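# Report on the structure
For reference, the chains in residue letters:
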Amino acid sequence: MIRRVKSALLFGTSLRGLLDSRIVGLAALGAVHGLANAQCQIFDLTLQYPAGNEPAHMVVVDIDGDGDLDVATANRIGDNIGVARNNGDGTFGSTTNYTAGNGPVRIAAGDIDGDNDLDLVTCNSLGDTVSVFRNNGNGTFGPKADFSTGTNTNPTWVELEHVDADGRIDIITSNFDTDNVSLLYGNGNGTFGTLTQFTVGNEPESIACAQLDGNQSIDVVVLNTATGANSVSVLRNTGNRVLSVTTYPVSSSPRDIAIADINQDGHLDLLVGCSNGTLSRYLNNGAGLFGNRADFDAPPATFATCCVRAGDINGDDQIDVVMSQVDVLQNSALFVVFCGNGMGSFAPCGTYSDPDGSEHMALVDIDQDADLDVVLASELSDDIDAWINSGAGVFACHSAYASGNNPVYVVTADMNDDGGVDVVAINKDDDSFAILLNSCSNRPACRANFNSDCAVNSQDFFDFLSCFFTPGCPGADFNLDGFVNSQDFFDFITAFFSPC
């Protein structure tokens, strides 16, 4: 094996000048050889628009029914929502504000009155209400209608779901001060009936909804964030508007949750990121019950989790996890990749320092190469950070893009109908939202940029060669056929010399 490596490296060394000159020649002839994709700024244009006083959350949906995506924000200090309609090319006209209840902190969209357009609902943390805005059918809204979530509840999260299977959208809120969940069952005409509450753990915040127990009804998961509470509550929907609550301990105060089938048994499992930087996972027994908790750690332990996302990061068809974490005292941040083995276990397989600080995160393919990249809202530097996946779960290429003052939430979507993934961010401290348009959307991916360093050159050749002769290196299986052999080498060479 040593002889093979040495021979291959000597062979590669003799090709170094040839490879680089080949690239220069291709560029001179106008055959970009992947340089357009590899060297492009993923987002080359940032557009900023007013939202309202201190936007806390947003939805990106087609509000006016014209086929493109609009933006609606919940503005906490302004006690209103902001609605901005897309011109169709990713630009926006003026923002219209509509009065909400006191302290709206989250917003959700759904057709609550059955007229086939999207209405909006906010939860109002200082008003103990939800505000319902019914769409006039053209993206404008009439005055709000408020519905109580209970006395002194301080609702901090809202979701719209079909809970009781009557075909009408219901409202779910987590109530921070009363340690319960409120359910408002929809009448189908934009009004809501009697309030029902279910007791959970202390200081519930984040809600996730999914079908967990196989009965085709929506179940609810709530994170109980009080220091010392350290729990997650699962509300199993047993029908007839009855939710059965089971509360499970976690390693420390939970901060975010992802739901995915991590052991390939057809049942959705829970992945919880905790304040001590630990990933706690719970395996579903198929009936929506979660025993068998396991905790996975990645140093340094002083970092607290902000955001958890699940997906296949390294191309092995197993669910992996990415967690963004911050150390407020040190004014620093990072994100950790946990690689899954397909049986419910994880191991840390990459830690990436993000000195700008990360508040919220998206996991999405932004460079059109069929693997998942990381997009972070970096509140300390007022940037959106993009980390590009090499395809083997390695994030070598990092670039930052101005957003606005203190971006706290990001959504990824195609905002200008060009097939690319754009970014929408809300900037809490300058009352705005920003659109980052993807400049690589019409450029094909080039896998020859093996090391994802934003340049295709002979270093990619040597990095692939090193990986090829390193046992267990995921990227060695270049053609993803499940085998590492000479065909991978020749497929890489073909890609390297082929225009993208």
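Now for a description of the structure that goes with this document. (Residues numbered from 1 in each chain as written. Predicted model: local features only at pLDDT ≥ 70, side-chain atom pairs only at ≥ 80, totals over all residues. Heavy atoms only, no water.)

### Here we look at the overall build of the chain
A tally of regular secondary structure across the chain gives four helices and 32 strands. Within the chain, buried positions represent 55% of all 500 residues. A sequence separation of at least 24 residues applies to 46% of the contacts in the chain between residues at least 6 apart. For the chain, the accessible surface area stands at approximately 19200 Å², while carbon and sulfur atoms represent 51% of it. (Helix = DSSP H or I, 4+ residues; strand = E, 2+ residues; numbered from the N terminus. Buried < 20%, exposed > 50% of the residue type's maximum accessible area, 1.4 Å probe, protein only. Contact = heavy atoms within 4.5 Å. Areas by Shrake-Rupley, 256 points an atom, 1.4 Å probe, with all protein chains shown as cover.)

### Some remarks on the state of the cysteines
Applying the stated criterion across every chain yields a total of two disulfides. What pairs with Cys339 in a disulfide is Cys349, and their sulfur atoms sit 2.0 Å apart. Here the S-S torsion is close to 85°, and the disulfide linking Cys339 with Cys349 is therefore right-handed. Within this pair, whereas Cys339 is found in strand β24 (residues 332–340), its partner Cys349 is found in strand β25 (residues 346–353), the two being separated by ten residues in sequence. Residue Cys467 pairs covalently with Cys473 via a disulfide, S to S 1.9 Å. Judged by the sign of its S-S torsion, about -105°, the bond between Cys467 and Cys473 is left-handed. In this structure Cys467 comes out as buried when scored by relative accessible area, which is 5%. (Disulfide = S-S within 2.5 Å.)

### Side note on the packing of helix α3 (residues 458–468) against helix α4 (residues 486–497)
Two quantities define a packed helix pair, namely the angle between the helix axes and the distance between the axes. As a packed pair, α3 and α4 sit with axes 11 Å apart at the nearest point and diverge in direction by 170°. By the angle between their directions, the pair α3 and α4 is classed as roughly antiparallel. In this structure, α3 uses Ser458, Asp460, Phe461, Phe464, Leu465 and Phe468 to contact α4, whose residues at the interface are Ser486, Asp488, Phe489, Phe492, Ile493 and Phe496. Tallied by class, residues from the contact of α3 with α4 come to eight nonpolar, two polar and two charged. (Axes fitted to C-alpha atoms, helices over the stretch in contact; angles between N-to-C directions. Parallel < 35°, antiparallel > 145°, perpendicular 65-115°, else oblique. Nonpolar A, V, L, I, M, F, W, Y, C, P; charged D, E, K, R; others polar.)

That is the geometry; function is a separate question.
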